[in-house]
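Structural description and commentary
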Amino acid sequence: MEQPSRPVLFDFHGVSMTKYFTDNWDNVQNFKARPDDVLLASFPKAGNTWVSYVLDLLYFSQMSATRQDSVPLHERVPFLELLMPGIPSVSGVDELNKLTTSPRIIKTHLPVHFVPKSFWEQNPKIIYVARNAKDTAVSYFHFDRMNTAQPEPGDWSSFLQRFIEGKMVFGSWYDHVRGWWDKKQTSSNILYLFYEDMIEDTERELSRLCSFLGLSPTAEMKKQVIEKVLFNNMRKNQMVNGSLDEVLDFKISPFMRKGKVGDWRNHFTIAQNEQFDEDYKKKMKNTNLEFRTVL
Ligand code: A3P
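Conventions adopted
Residues numbered from 1 in each chain as written. Predicted model: local features only at pLDDT ≥ 70, side-chain atom pairs only at ≥ 80, totals over all residues. Heavy atoms only, no water. Helix = DSSP H or I, 4+ residues; strand = E, 2+ residues; numbered from the N terminus. Expected span 1.5 Å × (residues − 1). Buried < 20%, exposed > 50% of the residue type's maximum accessible area, 1.4 Å probe, protein only. Arc of directions from axis to C-beta. Contact = heavy atoms within 4.5 Å. Lys, Arg positive; Asp, Glu negative; His and termini not counted. Salt bridge = Lys/Arg side-chain N within 4 Å of Asp/Glu carboxyl O. Pairing = 2+ DSSP bridges. Axes fitted to C-alpha atoms, helices over the stretch in contact; angles between N-to-C directions.

**Some points on helix H14 (residues 270–283)**
In an α-helix, one turn spans 3.6 residues; hence positions three or four apart end up facing the same way. In this model H14 runs 20 Å from its N-terminal to its C-terminal C-alpha over 14 residues, within 8% of the 20 Å that 1.5 Å per residue would give. Restricting attention to buried positions, one finds in H14 the residues Gln272, Asn273, Phe276 and Asp279. When H14 is viewed along its axis, its buried side chains cluster within an angular range of 140° and face the same direction. Of the residues in H14, the exposed ones pointing more than 90 degrees away from the buried face are Ile270, Ala271, Glu274, Glu278, Lys281 and Lys282. Residues of H14 that are buried sit in contact with helix H7 (133–146), helix H8 (156–165) and helix H9 (173–185).

Following this line, the structure appears as structure tokens:
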């Protein structure tokens with residue numbers, strides 16, 4: 001199949017974006033959220049797929065084996081702002097409006113101030129997943145290499161520079177994680193999860209998630225969920241590992257790449273790390289939001 005040319009990054013109301021996430025803007029902004037929706041938000045590469053699968057299993061694994069065996073995760077958990085041309089085209093809003101199951105689990109990478117207003121009116125549960133900046137940058141670099149629907153990443157050092165400048169699809173990591181953190185301080189319907197905590201103790205974080213959602217799975221069911229979402233099991237599972245997504249080129253890199261905390265140490269030079277840390281301190285001052293870059 002001939003690959004389409006890579007999209008261009010442009011400034012969209014102060015946030016770097018590509019057309020695939022802005023072309024459906026009016027429909028996204030007018031999206032009608034429902035009180036029983038579950039919105040799963042994150043900056044790209046924070047572990048959104050991992051948590052979507054956890055949520056899908058918690059809500060639906062008992063109901064339908066067909067769903068688990070034959071429907072790719074990205075169809076079960078539509079991506080709100082996505083509009084991908086093609087035959088047929090993929091529109092997150094259309095997919096969500098067609099879903100017959102409830103609750104609807106909705107994926108978004110929007111910074112908090114871009115979230116459609118009906119979410120704040122209907123007050124559904126919102127889960128935000130955050131991952132430390134250094135591992136996010138590395139994961140995003142490899143993702144942009146293999147995702148033909150993303151801008152060309154260039155080499156690692158220029159990519160890292162653009163990450164620091166916030167010139168990534170969905171903008172600045174710093175603004176994203178801080179914007180959602182600040183919103184969470186005044187909204188009891190937001191749960192803020194950390195990728196590093198999930199790696200450290202998946203069972204503990206699963207319990208936090210369940211209590212936030214008001215779910216009480218049996219111990220047996222929890223065990224099954226934890227087993228299914230293990231990195232190596234997800235990596236082998238065609239329905240969740242991205243291999244059915246046509247824009248991803250697995251010859252370049254796997255989508256489920258390493259699944260670790262601290263892989264940044266294999267990419268950052270000493271000089272890059274020093275520059276990054278210095279800039280990080282400035283951008284992240286005046287916040288009590290803290291990340292772990294090693295465990
Ligand atoms: P790496 O590239 O560091 O391996 P997203 O789903 O938000 O795009 O995030 C993708 C990142 O989450 C990738 O990181 C991927 O490997 C990691 N990931 C996905 N499922 C995971 C799991 N079950 N356990 C640990 N990491 C996982």
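Let's pick the thread back up.
**A word on the side chain of Lys45**
Its location among the elements puts Lys45 in the loop between strand S3 (38–42) and helix H2 (48–60). With no salt bridge to any partner, buried Lys45 finds its closest opposite charge in Asp144, at an N-O distance of 7.6 Å. Those residues in contact with Lys45, other than ones at most four positions away along the chain, are Arg131, Thr136, Ser139, Tyr140, Phe143 and Phe255.

**A look at the sheet that holds strand S8 (residues 190–194)**
Spatially, the four strands line up as an open sheet ordered S6-S3-S7-S8, and their pairing is parallel. Single-partner strands in this sheet number two, and they are strand S6 (105–108) and S8. Adjacent strand axes in the sheet meet at a mean angle of 20° when their direction is disregarded. Relative to strand S7 (residues 125–130), S3 runs parallel, the two being bridged by five bridges. Pairing of Ser42 across the sheet is with Val129, part of S7. Contacts between H2 and the sheet are confined to S3, S6, S7 and S8, with S3 contributing the most and set at about 165° to the helix. Sitting on the sheet, helix H11 (residues 202–213) is in contact with S3, S7 and S8, with an inclination near 175° to S8.

**Here we look at the pairing of S3**
S3 sits mainly inside the fold: five of its five residues count as buried. Side chains Val38, Leu40 and Ser42 of S3 all project onto a buried face; the interleaved residues Leu39 and Ala41 project onto the opposite face, where all are buried too. Two strands pair when backbone bridges link them, and S3 and S6 are joined in this way by four bridges, in the parallel orientation. Bridge assignment links Leu40 to a residue of S6, and that residue is Lys107.

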